[in-house]
Amino acid sequence: IPNSVTSIGESAFSGCSSLTSITIPNSVTSIGEKAFMSCSSLTSIEVNVNNKNYASIDGILYNKNITTLICCPGGKTSITIPNSVTYIEDYAFYDCDALTSITIPNSVTSIGYCAFEYCSSLTSITIPNSVTSIGDYAFSGCKSLTSITIPNSVTSIGNDAFWNCYNL
């Protein structure tokens, strides 16, 4: 992306199945929802270290303070979320059908709307004791999900959070 770009719109690269990596320059100040959704070959979203709003670790997009996981590339297979993350953004892992393993740290308090929707290779997940809310459709369509541990700390589970989880 050239330095002249300041904004990446909603769904801007959505469905770009041949896109393998992207580099976000320091000029970008906003990224729309679902900007990289359903990019099945995308394995790396890199952010210029001088960007004031965004950062990346291991090719995953975060806000600058690494407190919100914004987007995981669709081609990732295994993820360990950093301990600083408190929120998994809406659509963060949407359609990451290669994802088989994820570790969510005890710092996470909320899982957003459609956060893991259609992660069709994800077989199990453990929600840490820090999580209090799971958004609508959070795990919807995770057809390989056979096990999930939900702690007593969760006080809110959204509509259709586990819709079409055939094997759960």
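In this text the structure is predicted, and so the values were computed from the model without any measurement.

### Focus: the layout of surface pockets
Rolled over the atoms, a probe as big as a water molecule pinpoints where empty space is left.
Then, number 1: If you add up the space inside the largest pocket, you get close to 230 Å³.
Then, number 2: The wall of the largest pocket is formed by 23 residues, among which Gly32, Lys34, Ala35, Ile70 and Cys71 lie closest to the centre.
Then, number 3: Looking at the lining of the largest pocket, its residues break down into 15 nonpolar, 3 polar and 5 charged.

### Comments concerning the packing of aromatic side chains
Then, number 1: Under the criterion given, the structure shown has 8 aromatic pairs.
Then, number 2: Measuring from ring centre to ring centre gives 5.6 Å for Phe13 and Phe36, while their planes differ by 10°; the resulting arrangement is stacked. With Phe13 in the loop between strand E1 (7-8) and strand E2 (21-24) and Phe36 in the loop between strand E3 (30-31) and strand E4 (44-47), the pair connects residues that are 23 residues apart, well separated along the chain.
Then, number 3: With relative accessibility at 24%, the residue Phe13 sits in the partly exposed group.
Then, number 4: Measuring from ring centre to ring centre gives 5.7 Å for Tyr94 and Tyr118, while their planes differ by 85°; the resulting arrangement is edge-to-face. Residue Tyr94 is located in the loop between strand E9 (87-88) and strand E10 (101-103), and its partner Tyr118 is located in the loop between strand E11 (110-111) and strand E12 (124-126); the two are separated by 24 residues in the primary sequence.
Then, number 5: The exposure class of Tyr94 is buried, given its relative accessible area of 18%.

### Concerning the side chain of Ser110
Then, number 1: Relative to the assigned elements, Ser110 resides in strand E11.
Then, number 2: One polar contact links Ser110 to Ser133, side chain to side chain, over a distance of 3.0 Å.
Then, number 3: Those residues in contact with Ser110 that lie beyond four places of it in its chain are Thr86, Tyr87, Ile88 and Ser133.

### Topic: the sheet that holds strand E5 (residues 54-57)
Then, number 1: One open sheet accounts for 7 strands, arranged E5-E6-E7-E9-E11-E13-E15; its pairing is mixed. One side of each edge strand has no neighbouring strand; the edge strands of this open sheet are E5 and strand E15 (156-157).
Then, number 2: The pairing of E9 with E11 spans 2 bridges and is classified as parallel. Residue pairing for E11: Ile88 is matched across the bridge by Ile111.

### Let's talk about the nonpolar core
Then, number 1: By size, the foremost hydrophobic cluster in this structure holds 33 residues, and its most contacted members are Ile88, Phe93, Ile111, Phe116 and Phe139.
Then, number 2: Those residues in contact with Ile111 that lie beyond four places of it in its chain are Ile88, Ile104, Phe116, Ile127, Val131, Ser133, Ile134, Gly135, Ala138 and Phe139.
Then, number 3: Residues Ile8, Ile24, Phe36 and Ile45 belong to the second largest nonpolar core, which totals 14 residues.

### Brief notes about the pairing of strand E7 (residues 68-71)
The side chains of a regular strand alternate between the sheet's two faces.
Then, number 1: Examined bridge by bridge, strand E6 (residues 60-63) and E7 share 2 bridges and lie antiparallel to one another. In the strand pairing of E7, Tyr62 is matched with Leu69.
Then, number 2: Linking E6 to E7, which pair antiparallel, is a turn of 4 residues; within it Ile66 sits at a positive phi near 55°.
Then, number 3: The pairing of E7 with E9 spans 2 bridges and is parallel. Considered in E9, the bridge of Leu69 is made with Ile88.

### Here we look at unusual backbone geometry
Then, number 1: Phi angles above zero are rare outside glycine, and Tyr91 is one such case at about 65°.
Then, number 2: In this structure, Tyr91 sits in the loop between E9 and E10.
Then, number 3: Phi at Asn164 takes a positive value of approximately 60°, unusual for a residue other than glycine.
Then, number 4: Within the secondary structure, Asn164 sits in the segment after E15.

Procedures and definitions
- Residues numbered from 1 in each chain as written.
- Predicted model: local features only at pLDDT ≥ 70, side-chain atom pairs only at ≥ 80, totals over all residues.
- Heavy atoms only, no water.
- 1 Å grid on protein atoms, 1.4 Å probe; cavity = no way out; pocket = protein on both sides within 12 Å on 5 of 7 lines; lining within 4 Å.
- Points joined across faces, edges and corners; volume = space filled by probe spheres on them.
- Nonpolar A, V, L, I, M, F, W, Y, C, P; charged D, E, K, R; others polar.
- Phe/Tyr/Trp six-rings, centres within 6.5 Å; stacked < 30°, edge-to-face > 60°.
- Helix = DSSP H or I, 4+ residues; strand = E, 2+ residues; numbered from the N terminus.
- Buried < 20%, exposed > 50% of the residue type's maximum accessible area, 1.4 Å probe, protein only.
- Polar contact = N/O pair within 3.5 Å; in protein donor to acceptor, adjacent residues only side chain to side chain.
- Contact = heavy atoms within 4.5 Å.
- Pairing = 2+ DSSP bridges.
- Core = buried A, V, L, I, M, F, W, Y, C linked by side-chain atoms within 4.5 Å.

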